[in-house]
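# Notes for the structure review
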Amino acid sequence: LRGPAVFLFLWRIVMSASAATLREIHHLHRLAKDLQGRINQQPLLLKAQQNAVAKQEDNLRQAQDTIKKLKVKTLEKEASLKSVNQLIGKHEKQLNEAASKKEYDALKSEIATGRDEVRKLEDEILDTMAETEDMTARLPELNKAVQTAKAELAQFEKDSESRLQDLNAQRQRTMSQLAEKEAGLGADMKQQYDRLVRAQGEDALAAVQGRICMACYTEITAQQGNELLSEKLVFCKSCGRILYLPE
């Protein structure tokens, strides 16, 4: 290569290296943000696991409480049934001793009402006992759900420390790589880059594809396109990001 051809070749190398630097910087910024987000998410994930255990324990506790209440209800109904039967027996005894037809008819009516109440109480007792049996049958499943949730929490807690260490190590490597790439920026570009990054973080940069800013989808001008090709620092006139050419 000679003359203008050599100049064009070298210019393209410089242009490619600079665009590649901005692309890599943007990639590292987004990677660092993603890693920090995953680090920040760990306490939330732990809380979610703890809530899952608490929920399963609450389901089991509610079922146990329901069974206790149903048993108490059954005992109360059985006591009422016994009382009604005793009253019926008393009325039947009085029936034989009735002094008048009016008293006899009144006792017959009381007995009939009592027997209706007995049938009602017996049905309610059977229903309550069936409900108790159904709820009791669910206890093993509910208890298993509690044990599963506790096991998952224990495993999460066991892995949590190593997971956090790995995420922090990845982020530290990413930040070191980012610092190296940033050090390669020119002094003028670095000053404006630092200012924008302080304000917008990883959103300080955006790629341009087909003369479109891929952050805000605004078309850049022909002059901006030429300035990008000329390795000048170009900002999107709409969103203010530093623009770079794609690979």
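Residues numbered from 1 in each chain as written. Predicted model: local features only at pLDDT ≥ 70, side-chain atom pairs only at ≥ 80, totals over all residues. Heavy atoms only, no water.

Moving on, we come to the sheet that holds strand β1 (residues 205–209). Pairing is mixed in the open sheet, where three strands are placed in the order β2-β1-β3. Looking along the sheet, the strands with just one partner apiece sit at the ends: β2 (212–213) and β3 (242–244). Here β1 pairs with β3 via three bridges, running parallel. By the bridge assignment for β3, Ala-206 is matched with Leu-243. (Pairing = 2+ DSSP bridges. Helix = DSSP H or I, 4+ residues; strand = E, 2+ residues; numbered from the N terminus.)

Attention shifts here to the pattern of salt bridges. Oppositely charged side chains can pair when the atoms bearing their charge come close. Within the structure shown, the criterion is met by eight salt bridges. The salt bridge involving Glu-202 is made with Lys-33; its shortest N-O contact spans 2.7 Å. On the criterion of sequence distance, the pair formed by Glu-202 in the loop between α3 (187–200) and β1 and Lys-33 in helix α1 (residues 3–95) is long-range, its members being 169 residues apart. (Salt bridge = Lys/Arg side-chain N within 4 Å of Asp/Glu carboxyl O.)

A word on the environment of Leu-81. Looking at the element boundaries, Leu-81 is found in helix α1. Between the C-alpha atom of Leu-81 and that of Gly-114, which follows or precedes it by 33 residues, the distance is 9.6 Å. Not counting residues within four places of it along the chain, the set of residues in contact with Leu-81 comprises Val-118, Leu-121, Glu-122 and Ile-125. (Contact = heavy atoms within 4.5 Å.)

Glancing now at α3. Its 14 residues place the ends of α3 20 Å apart at the C-alpha level, agreeing with the 20 Å of an ideal helix rising 1.5 Å per residue. Those residues of α3 that fall on the buried side of the exposure criterion are Met-189, Tyr-193, Leu-196 and Val-197. Buried residues of α3, viewed axially, fall in a sector of 100°; they line one side. Turned more than 90 degrees off the buried face of α3, the exposed positions are Ala-187, Asp-188, Gln-191, Arg-198 and Ala-199. At the C-terminal side of α3, Gly-201 shows a positive phi close to 60°. (Expected span 1.5 Å × (residues − 1). Buried < 20%, exposed > 50% of the residue type's maximum accessible area, 1.4 Å probe, protein only. Arc of directions from axis to C-beta.)

With that out of the way, let us pick up the pairing of β1. Buried residues dominate β1, accounting for four of its five residues. Here β1 runs beside β2; their pairing, made up of two bridges, is antiparallel. Within β2, the residue paired with Val-208 across the bridge is Cys-213. Count of turn residues in the β1/β2 antiparallel hairpin: two residues, of which Gly-210 carries a positive phi of about 60°.

Among the secondary structure elements, Met-189 is positioned in helix α3. In this structure Met-189 comes out as buried when scored by relative accessible area, which is 14%. Taking the C-alpha atoms as reference points, Met-189 and Lys-232, 43 residues apart in sequence, are found 8.9 Å from one another. With residues up to four places along the chain from it excluded, the contact list for Met-189 reads Leu-22 and Leu-233.

Here we take up a negative patch on the surface. A cluster of acidic side chains, namely Glu-122, Asp-123, Asp-127, Glu-131, Glu-133 and Asp-134, defines a negative patch on the protein surface. With respect to the helices and strands, Asp-127 occurs in helix α2 (residues 101–183). The exposed category is assigned to Asp-127, whose relative accessible area is 54%. (Patch = residues over 30% accessible without salt bridge, like charges linked within 9 Å, V, L, I, M, F, W, Y side chains within 5 Å. Areas by Shrake-Rupley, 256 points an atom, 1.4 Å probe, with all protein chains shown as cover. Lys, Arg positive; Asp, Glu negative; His and termini not counted. Charge placed at Lys NZ, Arg CZ, Asp CG, Glu CD.)

To continue, consider the confidence of the model for the protein chain. With 93% of its residues at a pLDDT of at least 70, the protein chain reaches an overall mean of 90. Note that pLDDT drops below 50 for residues 1–17; the model gives that stretch eight contacts with residues more than four away or on any other chain. (pLDDT = per-residue confidence, 0-100.)

Core analysis: the largest hydrophobic core is formed by 14 residues, its most contacted members being Leu-22, Ile-25, Leu-185, Tyr-193 and Leu-205. Of all the secondary-structure elements, those providing two or more residues to this core are α1, α3, β1 and β3. Broken down by element, the residue count for this core peaks at four residues, all from α3. Residues contacting Ile-25, with those up to four places away along its chain left out, are Leu-178, Lys-181, Glu-182, Leu-185, Tyr-193 and Leu-205. (Core = buried A, V, L, I, M, F, W, Y, C linked by side-chain atoms within 4.5 Å.)

Moving on: helix α4 (residues 222–229). All buried positions along α4 are accounted for by Gln-224, Gly-225 and Leu-228. Considered in projection along α4, the buried side chains sweep an arc of 105° and stay on one side of the axis. The inward-facing, buried residues of α4 contact β1 and β3. Downstream of α4 by a residue or two, Glu-231 has a phi angle that is positive, lying close to 65°.

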